[in-house]
Amino acid sequence: MKYDQDELLKIALESTGDGIMVVSKDRKVLDANSNFKKMWQIPDEIFATGDDELILDSVSHQLVSPEKFVKKINELYESEEQHLDQFLFKDGRVFEIYSNPIYYEKKLAGRVWSSRDVTHIKQAERELSLRESRYKALVENLPQKIFLKDHNSVYLSCNSHFAKALSIGADIIAGKTDFDFFPKDLAEKYRKDDQRIMEAGKTEELEEKYSVNNEERWAHTIKVPLTDEQGNIFGLMGIFRDITDKKLYELNIQSLNEELEQRVEERTSELKEALEKILEKESELKLSEQALKSALELHNVASSVSEEDLIRIAIDEAEKLTQSAIGFFHFVNPDQETIALDTWSTRTHEQCAVGEKATHYPISEAGVWVDCIKEKKPVIHNDYKCLSTKKGLPQGHVELVRDMEVPIFEREKIVAIIGVGNKKSDYTDFDVSQLSLIAQSLWGIIKGSRAEEELKKSKDFLDSIIDNMPLGIQIFDDKGVSIRMNEKQREILGLPDITVGIGEFNVLTDPLTVEAGTADIYHQVYKSKRPHLRETVVSFQPETDSWGVENSNLLVNEHIFPILNDDGAVNSVAVVLQDMTELKRAEEDLRVFFEVALDMLCIANFEGYFLKLNPSWKKTLGWSEEELKAKPFIEYVHQEDKQTTIDASAALAAGNNLVDLENRYLCKDGTYKWLSWKSIALLDRGIIIAAAHDITNRRKAEEDLRYYAETQSVLLREVNHRVKNNLSAIISLLHIDEDRAKQKGE
């Protein structure tokens, strides 16, 4: 069956899903397809007149800005420009209108109007923007530092907390590597860790040292490999938490425990118990801080064909409409300098050896088929052999007689080109308009499909983050109704199921939240659009709890913040809960130990003042805590011991721990007591932690023993002297007696 040119034109007009109308220069409708009348809801009697001005008046009242619409239409009738615009209907629909001039014998003969309903695309774009805003708001309000890297360990993005830790802005991290922020050896270690995790495809938790501004710190990092829809790993996500204070605290507590256990053996078990509770809580927090797992769940598009098959079908259709023998469709990369050789028509595959696809084919090396990119408009070559700029055809390519290419624009940039070739007769402007209609229709479908896919990826990613958060998260809509809650929130609140109260519980009207003042805080966040952070007790009363749940009181950190739309209006409010009950109990246990210790425990600064003292000081010296903190501690030291104490303080300031310093401290009654000191300096915090033991009785015993020893020595010397004198007298008497005996014998 053969068709004449008019029949082919009519078939083409009716085969497209767009509304198309052809109008002469004098504003008379020459032809239109049924979709145009249906889309614009034009009454039969007005459409039958063929008067474009009557039709324009009829359709303009349906638009939100009719004056702007009419003005633009009239301007286009007076020009020869191609134009693409969008208009919003009062009923919420959005039309994309494309207009192209038509020529007869090289003179302007009228215009072709093409209308496409892009309402669903716009809705998808708005939904994608909303979900991205929610994701950004959530990640930015998390206390952890979060970053994303590609498969080469190059940073893609991060939240403000991570950027602040590096002393940079979050907007400049993209494209950077660890070598830009850390020492070479540390950066190499991070890179090896990244590659190992991505190769293994398993999440790892790392606790390691790192250096920032020449300061050594500790970090707990969770790294999660990220996969695409085919399961290929394309990068990783890291959740970074600085645990330097925790590490230092553990080391300090351990050191203090070792120093004190010799003096306070009966209290050692209490200290260990307090430390074990703290470490147990830290372990629970560590285990609960699982990395944010990003398993991007991708589904096949609703259509039964892939994007590539869809493009091939469109090219085949373009060949038929333009009576061409070959055709192609290629994407232009964002750099506008290279092309991704993508898809050829079915007949082209049959006639040519098209070769493999190339993702970055330079435009500068391409032939005349990219002239439409260089000139940014449709191009026709009806005599290819005579072109002086042609670069020849690749091996295996069919002989080219003539060709036509049309660029596809998106926001003033060319995103793709579609081309056909080897029509038996010359290509005309009509062929350009036909190919342009196919190109715009195809691009609209591709753009809509990709927008829906990105929207789904964003939703899956956001859901994965919320569901795997180690903190409790709950979201309320702008009316206060609970619409979302993760598993951790259910655990904190002690709910039997995460669906309890969803769609029913209203934080603004529930009797318990109103009575507790919680509803007022949510009202304040809704009204001020500012976050609210507090430490509060969550109390459950089974008799009145509208959720019907029994639980004990919990001490939590509660962070409430608004999630805003693009226009700044509050879309919803999120609450993040962190259970602090066990941590607070451990802190209280440590405080009790400080209060009941028999030795004199204290914290002082390097300026020489006490900051905190336990009750043993008052029991030992008689001074109150306020009196001891009122003046430098050196003023309480005995004059003979001051220089030794000053030297010891200087040694502490230099980073040396103090062991076995003994000095005398003034009591309130004017006497002095001997104290033995054990001290540790925390230079980064500017404080000294010390324990003093009263050794007055020991020193007195030592003095008594020394006095006894000296007395015994003097006594022994006196006895020895007297014994020697007596022996001398006895010997002298013996000599006298001997002499007398001799005289009598004579």
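Note that the coordinates shown come from a computational prediction; the quantities given were computed from them, not determined experimentally.

### Some thoughts on the side chain of Asn614
Working step 1: When you line up the elements, Asn614 lands in the loop between β23 (610–613) and α19 (616–621).
Working step 2: Asn614 gets classed as buried once you look at its relative accessible area, which sits at 3%.
Working step 3: Looking at Asn614, its side chain comes within polar contact range of the main-chain oxygen of Asp599, at 2.9 Å.
Working step 4: Polar contacts involving the side chain of Asn614 include one to the main-chain amide nitrogen of Leu601, which spans 3.0 Å.
Working step 5: Once you skip the residues sitting within four places of it in the chain, Asn614 turns out to touch Phe594, Ala597, Asp599, Met600 and Leu601.

### Re the pattern of salt bridges
Working step 1: Inspection of every chain in the model, using the stated rule, returns 28 salt bridges.
Working step 2: For Arg116, the salt bridge identified is with Glu96, shortest N-O distance 3.0 Å. Of this pair, Arg116 sits in strand β5 (residues 107–117) while Glu96 is found in strand β4 (residues 94–104), placing the two residues 20 residues apart along the sequence. Here Arg116 matches Glu96 in class, with each residue buried.
Working step 3: With a closest N to O distance of 4.0 Å, Lys673 and Asp694 form a salt bridge. Residue Lys673 is located in strand β25 (residues 672–682), and its partner Asp694 is located in strand β26 (residues 687–694); the two are separated by 21 residues in the primary sequence.

### Digging into the packing of helix α11 (residues 307–322) against helix α14 (residues 429–467)
Working step 1: Contact geometry for α11 and α14: axes closest at 10 Å, N-to-C directions at 170°. Taken together, the axes of α11 and α14 are roughly antiparallel relative to one another. Crossing geometry of α11 relative to α14 is assigned as right-handed. In contact with Glu307, Leu310, Ile311, Ala314, Glu317, Ala318, Leu321 and Thr322 of α11, α14 contributes Asp431, Gln434, Leu435, Ile438, Leu442, Ile445, Ile446 and Arg450.
Working step 2: When its residues are assigned to classes, the contact of α11 with α14 shows ten nonpolar, two polar and four charged.

### Description of the pairing of strand β21 (residues 570–579)
Working step 1: Summarising burial for β21: eight of the ten residues are buried, a large majority.
Working step 2: Bridging between strand β17 (residues 472–477) and β21 involves six bridges; their strand directions are antiparallel. Along β21, the bridge assignment pairs Ile473 with Val576.

### Some thoughts on the confidence of the model for the protein
Working step 1: Per-residue confidence for the protein gives a mean pLDDT of 79, with 82% of residues at or over 70.
Working step 2: Per-element averaging of pLDDT across the protein places helix α10 (residues 268–288) at the bottom with 58 and helix α20 (residues 625–629) at the top with 93.
Working step 3: Confidence drops under pLDDT 50 across residues 283–302; counting only partners more than four residues distant or on other chains, this segment forms 53 contacts.
Working step 4: Here residues 540–551 is modelled with pLDDT under 50, and outside its nearest four sequence neighbours on either side it reaches 25 contacts, counting other chains as well.

### Things to note about the side chain of Ser433
Working step 1: Mapped onto the elements, Ser433 comes out in helix α14.
Working step 2: Overall, Ser433 belongs to the buried group, its relative accessible area being 12%.

### Here's the deal with the packing of helix α4 (residues 52–60) against helix α5 (residues 66–77)
Angle between the axes and distance between the axes are the two parameters that describe a pair of packed helices.
Working step 1: It is the contact of α4 with α5, at a shortest axis distance of 10 Å, that shows an interaxial angle of 155°. Taken together, the axes of α4 and α5 are roughly antiparallel relative to one another. The chirality of how α4 crosses α5 is right-handed. Contacts between α4 and α5 involve Asp52, Leu56, Val59 and Ser60 on the former and, on the latter, Pro66, Phe69, Val70, Ile73, Asn74 and Tyr77.
Working step 2: Broken down by class, the residue content of the contact of α4 with α5 amounts to seven nonpolar, two polar and one charged.

### Notes on the sheet that holds strand β2 (residues 29–32)
Working step 1: Taken together, five strands build an open sheet; the order of strands is β2-β1-β5-β4-β3 and the sheet is antiparallel. This sheet does not close on itself; its edge strands, each paired only once, are β2 and β3 (83–88). Going across the sheet, the axis of each strand differs from the next one's by a mean of 20°, ignoring polarity.
Working step 2: In this sheet, β2 lies alongside strand β1 (residues 19–24) in antiparallel orientation, the contact comprising three bridges. Directly across from Val22, in β2, lies its bridge partner Asp31.

### Observations regarding the pairing of β17
Working step 1: Counting buried residues in β17 gives six out of six residues, a clear majority hidden from the surface.
Working step 2: The alternating pattern of β17 places Gly472, Gln474 and Phe476 on one face and Ile473, Ile475 and Asp477 on the opposite face, and all of these are buried.
Working step 3: Of the pairings in the sheet, the one linking β17 to strand β18 (residues 482–485) comprises three bridges and is antiparallel in character. In the strand pairing of β18, Phe476 is matched with Ser482.
Working step 4: Between β17 and β18, which pair antiparallel in sequence order, lie four residues; one of them, Gly480, sits at a positive phi of approximately 90°.

### A few points about the packing of aromatic side chains
Working step 1: Within this structure, the stated rule accounts for 22 aromatic pairs.
Working step 2: Here the aromatic rings of Trp617 and Tyr665 are separated by 6.1 Å at their centres, their planes lie at 70°, and the arrangement is edge-to-face. Of this pair, Trp617 sits in helix α19 while Tyr665 sits in strand β24 (residues 658–666), and the two are 48 residues apart along the sequence.
Working step 3: Looking at Tyr665, the relative accessible area reads 2%, which means it is buried.

### Remarks on α5
Working step 1: The end-to-end C-alpha distance of α5 is 17 Å, a good match for the 16 Å that twelve residues give at a rise of 1.5 Å each.
Working step 2: When α5 is considered as a whole, its buried residues turn out to be Pro66, Phe69, Ile73, Leu76 and Tyr77. Projected down its long axis, α5 shows its buried positions confined to an angular sector of 105°, all on one face. Residues of α5 that are exposed and angled more than 90 degrees away from the buried face: Glu67, Lys68 and Lys71.
Working step 3: Turning to α5, the residues buried within the fold contact β1, α2 (34–40), α4, β3, β4 and β5.

### Quick look at the environment of His120
Working step 1: Topologically, His120 is positioned in helix α6 (residues 119–140).
Working step 2: As for His120 and Glu452, which are separated by 332 residues in sequence, their C-alpha atoms are 9.6 Å apart.

### Considering the environment of Glu626
Working step 1: In this structure, Glu626 sits in helix α20.
Working step 2: Sequence-wise, Glu626 and Leu613 are 13 residues apart; in three dimensions their C-alpha atoms are separated by 9.5 Å.

### Things to note about unusual backbone geometry
Working step 1: Located in the positive-phi region is Lys106, a residue other than glycine, with phi close to 65°.
Working step 2: Note that Lys106 resides in the loop between β4 and β5.
Working step 3: Residue Glu412 is not a glycine yet carries a positive backbone phi of 65°.
Working step 4: Its location among the elements puts Glu412 in the loop between β15 (403–410) and β16 (413–421).

### Points about helix α17 (residues 518–528)
Working step 1: Considered for burial, the residues of α17 that qualify are Thr518, Ala519, Ile521, Tyr522, Val525 and Tyr526. Taken around the axis of α17, the buried residues stretch over an arc of 160°, which confines them to a single face. Exposed side chains of α17 directed beyond 90 degrees from the buried face belong to Asp520 and Lys527.
Working step 2: One or two steps after α17, the chain reaches Lys529, where phi turns positive at roughly 60°.

Conventions we followed
Residues numbered from 1 in each chain as written. Predicted model: local features only at pLDDT ≥ 70, side-chain atom pairs only at ≥ 80, totals over all residues. Heavy atoms only, no water. Helix = DSSP H or I, 4+ residues; strand = E, 2+ residues; numbered from the N terminus. Buried < 20%, exposed > 50% of the residue type's maximum accessible area, 1.4 Å probe, protein only. Polar contact = N/O pair within 3.5 Å; in protein donor to acceptor, adjacent residues only side chain to side chain. Contact = heavy atoms within 4.5 Å. Salt bridge = Lys/Arg side-chain N within 4 Å of Asp/Glu carboxyl O. Axes fitted to C-alpha atoms, helices over the stretch in contact; angles between N-to-C directions. Parallel < 35°, antiparallel > 145°, perpendicular 65-115°, else oblique. Left-handed = near helix turned anticlockwise from the far one by under 90°. Nonpolar A, V, L, I, M, F, W, Y, C, P; charged D, E, K, R; others polar. Pairing = 2+ DSSP bridges. pLDDT = per-residue confidence, 0-100. Phe/Tyr/Trp six-rings, centres within 6.5 Å; stacked < 30°, edge-to-face > 60°. Expected span 1.5 Å × (residues − 1). Arc of directions from axis to C-beta.

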